[in-house]
There are 2 protein chains.
Amino acid sequence: MQKNNYNYQDQNFYITSKENPAIRHYRKLRDHKKARKTERLFVIEGLRIVRDALQYPDLVEQILITEKFRTQAQNSDSPEVFKIPEISKKIQILYISDAVGNDLSDTEHAQGIFAVCRMPVQKSIPEILRPEGKYLVLCNLQDPGNLGMILRTCDALGMDAVLTTGSCELYNPKTIRSAMGSALRVSVVDEPDAGKLLQLLRKQNITNYASVPAKNALSLTDCHFQSGCAVWIGNEGNGLPESIITLCDDAVTIPMRGGAESFNAAMAAGIFAWEIMKTKS
Amino acid sequence: MQKNNYNYQDQNFYITSKENPAIRHYRKLRDHKKARKTERLFVIEGLRIVRDALQYPDLVEQILITEKFRTQAQNSDSPEVFKIPEISKKIQILYISDAVGNDLSDTEHAQGIFAVCRMPVQKSIPEILRPEGKYLVLCNLQDPGNLGMILRTCDALGMDAVLTTGSCELYNPKTIRSAMGSALRVSVVDEPDAGKLLQLLRKQNITNYASVPAKNALSLTDCHFQSGCAVWIGNEGNGLPESIITLCDDAVTIPMRGGAESFNAAMAAGIFAWEIMKTKS
């Protein structure tokens, strides 16, 4: 990030220009995957997720707070409200005008708190796999909202990790928003080569299940998941590639009785995750 | 709808003006809930859902097709592609330029097919309730994407109906898109008074369950749903009102083991629907 000459820690000063380098930098990270990838930074917005991120203070590089938010926080007794003095001194705090806040915001009603965060170092697949682990594998998933919803569900249910291959980006602002704080908590590891990922899972004796909408597949109600298992969820429109279905140990389907021909991919992932986790003591 | 002087059935003519009354009318229905409510019309976009809608030809008032879509349909042998001559003569077909199609579209890559549909006459709650029926009740649900996803899931699983109270609009384009064709297939009945709705369910001996994130509630894994049951799902941020939780026969929670404090409302609804329906023979 470019250095600025302003003393941002001075609460009497705040940024009013949308062209301020820090503001441009935030927007660049918000809008461009390439910038996120190159700088290994991403942005988050909203009180709840910023508080979640502060559980990992090393990940937070900068917090941006609007005038309105600061005034509300100073006048509030609610423990829900973020206390500015509690933030680690290592984190840069920038005060910004409400208009600049609206410019940064991805939502209609901006809360007025934003942060720039560092991407954690990604572990390798072999490092995180355990023979008795429970995993979802997202193969060619395209919708960031779906990815976020899956992360939130896997976090709530206590799945061990989410593995991705050929899928949308974890640090897309839509993914982050839809995941709530779960994008920061769930282990997510990407392996671009789906075949290689399947081999790595097999090597740990993890059973691979392909989620398919086919009526002739094993019904989820008859499926007894092995203690170490990974359920593969495919693309929203096209499902899983045939090559992957063939390589998996079993193809499993959520039985359907009604008119819809398939489930939303996130919903299918959630129902599988629920079935895997609910019997865990 | 205003009458136009053009002979739209003439395939040599197509609308090129965004200010054409039919185009303005479509946009008005797309963008304004009030217009939809007054005219009892709504819009849909995309080949798949238009084909779904044509299963109920009386519901379809008008189909709008871009030049590009028409050319593709004429040159395609795929049974997936919509055959224009197969459409009932009662349905007005308008040909529009690709630029007009982009103007109507809610998506980045418009397929080039749109329709204006009539809202079906809503049945009353007592008309649709059966003592052994399986229902979800959406109470103050606000996100159209969530409503659509719930409809798609209930359709796939074969739930009897979705009841709404204080929730977002069924005919919002975002709901329709997220529901795929399910918004046309699933019985959805609204009753603005939540207390009255609960009484109507009770009168049919239907057991009411409140979905709550509270750890001290009955766990979904220990819940044996009565044959006639309704699960109440609350607002995305605030859950169900206390008054409703108190009036329900039981409060049930999806057990959580991880870091997320709650499920997305659509995901919770889907997991409940799955648990209710999966044991149905």
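Please read these numbers as outputs of a predicted model, since none were measured by experiment.

A. Fine view of the interface of chain A and chain B. Facing the 33 residues of chain A at the interface are 33 residues of chain B. When chain A packs against chain B, close to 2900 Å² is buried across both sides, 58% of that on carbon and sulfur atoms. The closest approach of N and O atoms between Arg48(B) and Glu261(A), which form a salt bridge, is 2.8 Å. Seen at the junction of chain A and chain B, the total is 18 residue pairs in polar contact (both at pLDDT 80 or more). Among the secondary structure elements, those contributing two or more residues to the side of chain A that touches chain B are α7 (144–157), α9 (182–185) and α12 (265–277) of chain A.

B. Just the confidence of the model for chain A, in detail. Residues and elements named next belong to chain A. When pLDDT is averaged across chain A, the result is 90; 91% of the residues are at 70 or more. Considering only residues more than four positions removed or in separate chains, one finds that residues 1–8, a stretch of pLDDT under 50, has 17 contacts. For this predicted complex, the interface score ipTM comes out at 0.90, alongside a pTM of 0.91.

C. Highlighting the sheet that holds strand β4 (residues 113–118) of chain A. Residue and element names in this part refer to chain A. If you trace the four strands from one edge of the open sheet to the other, you get β1-β4-β2-β3, paired in mixed fashion. Here the strands that pair on one side only, and so sit at the sheet edges, are β1 (41–45) and β3 (92–96). Mean inter-strand twist for the sheet, computed between neighbouring axes without regard to direction, equals 20 degrees. Contacts from helix α1 (residues 21–31) reach β1, β2 (60–66), β3 and β4 within the one sheet, and its direction differs from that of β1 by about 95 degrees. The sheet strands contacting helix α4 (residues 67–75) are β2, β3 and β4, and the helix crosses β2 at an angle near 90 degrees.

D. Just the packing of aromatic side chains, in detail. In the structure shown here, the tally under the stated rule is eight aromatic pairs over all chains. Note on Tyr209(A) and Phe225(A): the rings are 4.9 Å apart at their centroids and 80 degrees apart in plane angle, and the pair reads as edge-to-face. Taken as a pair, Tyr209(A) in strand β8 (residues 207–211) and Phe225(A) in the loop between β9 (218–219) and β10 (229–233) lie far apart in primary sequence, 16 residues in all. No difference in accessibility class separates Tyr209(A) from Phe225(A), as the two residues are buried. Ring geometry for Phe225(B) and Phe272(B): centres 6.4 Å apart, planes at 75 degrees, overall edge-to-face. Of this pair, Phe225(B) sits in the loop between β9 (218–219) and β10 (229–233) while Phe272(B) sits in helix α12 (residues 265–277); the two residues are 47 residues apart in sequence, bridging distant segments of the chain.

E. Local environment of the packing of α12(A) against α12(B). Interhelical geometry of α12(A) versus α12(B) gives an angle of 60 degrees and a closest axis separation of 10 Å. In terms of orientation, α12(A) and α12(B) fall into the oblique class. Crossing of α12(A) over α12(B) shows right-handed handedness. Where α12(A) approaches α12(B), its residues Ala266(A), Met267(A), Gly270(A), Ile271(A), Trp274(A) and Glu275(A) are matched on the opposing element by Ala266(B), Met267(B), Gly270(B), Ile271(B), Trp274(B) and Glu275(B). Of the residues in the contact of α12(A) with α12(B), the class split is eight nonpolar, two polar and two charged.

F. Geometry of the relation of the copies chain A and chain B. Turning chain A through 180 degrees and shifting it by 0.0 Å along the axis lays it on chain B, with an RMSD of 0.0 Å. What the superposition gives is, in effect, a two-fold axis relating one chain to the other. An overlap of 100% is found between the interface residues of chain A and their copies at the interface of chain B, pointing to a shared contact surface.

G. Quick look at the sheet that holds strand β5 (residues 134–139) of chain A. All names here are of chain A. Within the open sheet, the seven strands sit side by side as β7-β6-β5-β10-β8-β11-β9. Their pairing is parallel. Each edge of the sheet is formed by a strand with only one pairing partner; in this case those strands are β7 (188–190) and β9. Both β5 and β10 contribute to a ladder of five bridges, which runs parallel. Bridging from a neighbouring strand, Leu138 pairs with Ile233 of β10. The strands that α7 touches are β5, β6 (161–165) and β7; relative to β5, the one it contacts most, it runs at about 180 degrees. Together, β5, β8, β10 and β11 (250–253) form the strand contacts of α12, whose direction differs from that of β10 by roughly 165 degrees.

Basis of the calculations
Residues numbered from 1 in each chain as written. Chains lettered and ligands numbered in written order. Predicted model: local features only at pLDDT ≥ 70, side-chain atom pairs only at ≥ 80, totals over all residues. Heavy atoms only, no water. Contact = heavy atoms within 4.5 Å. Buried area = accessible area lost by both parts, 1.4 Å probe. Salt bridge = Lys/Arg side-chain N within 4 Å of Asp/Glu carboxyl O. Polar contact = N/O pair within 3.5 Å; in protein donor to acceptor, adjacent residues only side chain to side chain. Helix = DSSP H or I, 4+ residues; strand = E, 2+ residues; numbered from the N terminus. pLDDT = per-residue confidence, 0-100. Pairing = 2+ DSSP bridges. Axes fitted to C-alpha atoms, helices over the stretch in contact; angles between N-to-C directions. Phe/Tyr/Trp six-rings, centres within 6.5 Å; stacked < 30°, edge-to-face > 60°. Buried < 20%, exposed > 50% of the residue type's maximum accessible area, 1.4 Å probe, protein only. Parallel < 35°, antiparallel > 145°, perpendicular 65-115°, else oblique. Left-handed = near helix turned anticlockwise from the far one by under 90°. Nonpolar A, V, L, I, M, F, W, Y, C, P; charged D, E, K, R; others polar. Least-squares fit on C-alpha atoms with pLDDT ≥ 70 in both.

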